[in-house]
Amino acid sequence: MSDYRVADVMTRQVIYLPAETTLDEAARVMKEADIGDVVVTEGATLAGLLTDRDIVVRAVAANSDPTSTTIGSITTREVVMIEQNCSAGDAAALMRERGVRRVLVCDAERKLVGIVSLGDLAVQFDPQSALGQISEQAPTL
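Residues numbered from 1 in each chain as written. Predicted model: local features only at pLDDT ≥ 70, side-chain atom pairs only at ≥ 80, totals over all residues. Heavy atoms only, no water.

Caption draft 1: Spotlight on the sheet that holds strand β5 (residues 102-106). Taken in spatial order, the 3 strands of this open sheet run β4-β5-β6, and their pairing is mixed. Of all strands in the sheet, those with a lone pairing partner are β4 (81-83) and β6 (112-117), marking the two edges. The mean angle between the axes of side-by-side strands here comes to 35°, regardless of whether they run parallel or antiparallel. Helix α4 (residues 88-98) rests against β4, β5 and β6 of the sheet, and its axis sits at about 165° to β4. (Pairing = 2+ DSSP bridges. Helix = DSSP H or I, 4+ residues; strand = E, 2+ residues; numbered from the N terminus. Axes fitted to C-alpha atoms, helices over the stretch in contact; angles between N-to-C directions. Contact = heavy atoms within 4.5 Å.)

Caption draft 2: Inspection of the pattern of salt bridges at higher detail. Counted according to the given criterion, the structure contains 8 salt bridges. Of the charged contacts, one joins arginine 102 and aspartate 52 as a salt bridge, the two residues approaching to 3.8 Å between their closest N and O atoms. With arginine 102 in strand β5 and aspartate 52 in helix α3 (residues 52-60), this pair connects stretches of sequence that are 50 residues apart. Each of the two residues, arginine 102 as well as aspartate 52, counts as buried. Salt bridges sharing partners connect three or more residues here, namely Glu25, Arg28 and Glu32. (Salt bridge = Lys/Arg side-chain N within 4 Å of Asp/Glu carboxyl O. Buried < 20%, exposed > 50% of the residue type's maximum accessible area, 1.4 Å probe, protein only.)

Caption draft 3: Structural context of the state of the cysteines. This model, assessed by the stated rule, comprises 0 disulfides. In this structure cysteine 106 is a free cysteine whose sulfur lies 8.0 Å from that of cysteine 86, the closest cysteine sulfur available. (Disulfide = S-S within 2.5 Å.)

Caption draft 4: Fine view of the environment of lysine 31. By the element assignment, lysine 31 lies in helix α2 (residues 23-33). Lysine 31 sits in the exposed class, given a relative accessible area of 55%. For the pair lysine 31 and aspartate 52, spaced 21 residues apart in sequence, the C-alpha separation works out to 9.5 Å.

Caption draft 5: The side chain of aspartate 120, seen in detail. Here aspartate 120 lies in helix α5 (residues 118-125). Despite its burial, aspartate 120 pairs with no opposite charge, the nearest such side chain being arginine 102 at 7.3 Å. Of the polar contacts made by the side chain of aspartate 120, one reaches the backbone nitrogen of serine 117; its length is 2.9 Å. Residues in contact with aspartate 120, not counting those within four places in the same chain, are Val9, Met10, Thr11 and Ile115. (Lys, Arg positive; Asp, Glu negative; His and termini not counted. Polar contact = N/O pair within 3.5 Å; in protein donor to acceptor, adjacent residues only side chain to side chain.)

Caption draft 6: Representation of the packing of α2 against α3. Across the interface, α2 lies against α3 with an axial gap of 10 Å and an inter-helix angle of 150°. With respect to α3, the axis of α2 lies roughly antiparallel. Pair α2 / α3 crosses with left-handed handedness. For the pair formed by α2 and α3, the contact residues are Leu23, Ala27 and Met30 on the first element and Asp52, Ile55 and Ala59 on the second. Looking at the contact of α2 with α3 residue by residue, the classes come out as 5 nonpolar, no polar and 1 charged. (Parallel < 35°, antiparallel > 145°, perpendicular 65-115°, else oblique. Left-handed = near helix turned anticlockwise from the far one by under 90°. Nonpolar A, V, L, I, M, F, W, Y, C, P; charged D, E, K, R; others polar.)

Keep in mind that these numbers describe shape and distance, not what the molecule does.
Pasting the structure below:
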């Protein structure tokens, strides 16, 4: 795993949504783009990361109205980042250490260039594992 860089396995498609976006709109965007996460912004500032799991666990389970609840109210504010030239093994270790399934990827100037997920790592390095097979086949939302 350490022979691969994060840039080799990350998803380069990053979608940004303002914090005022409603949950139903964010879910629609994720479904149309076939992705499981969006970067949440407040003006020009990165505010956090919202995942499909956040929508289910934090909003649906709490009976929040998806047409009026904003993504800014449920987004994960603690952003974990890794530089794109780090090893994929470093990314896996960081996920394990921080207890997260996704990490934002930046370049040397700390500009966001992608997202790497536990599923990305599983598909690349252990496609026959249950997680690798699920990640490769399962649609998001």
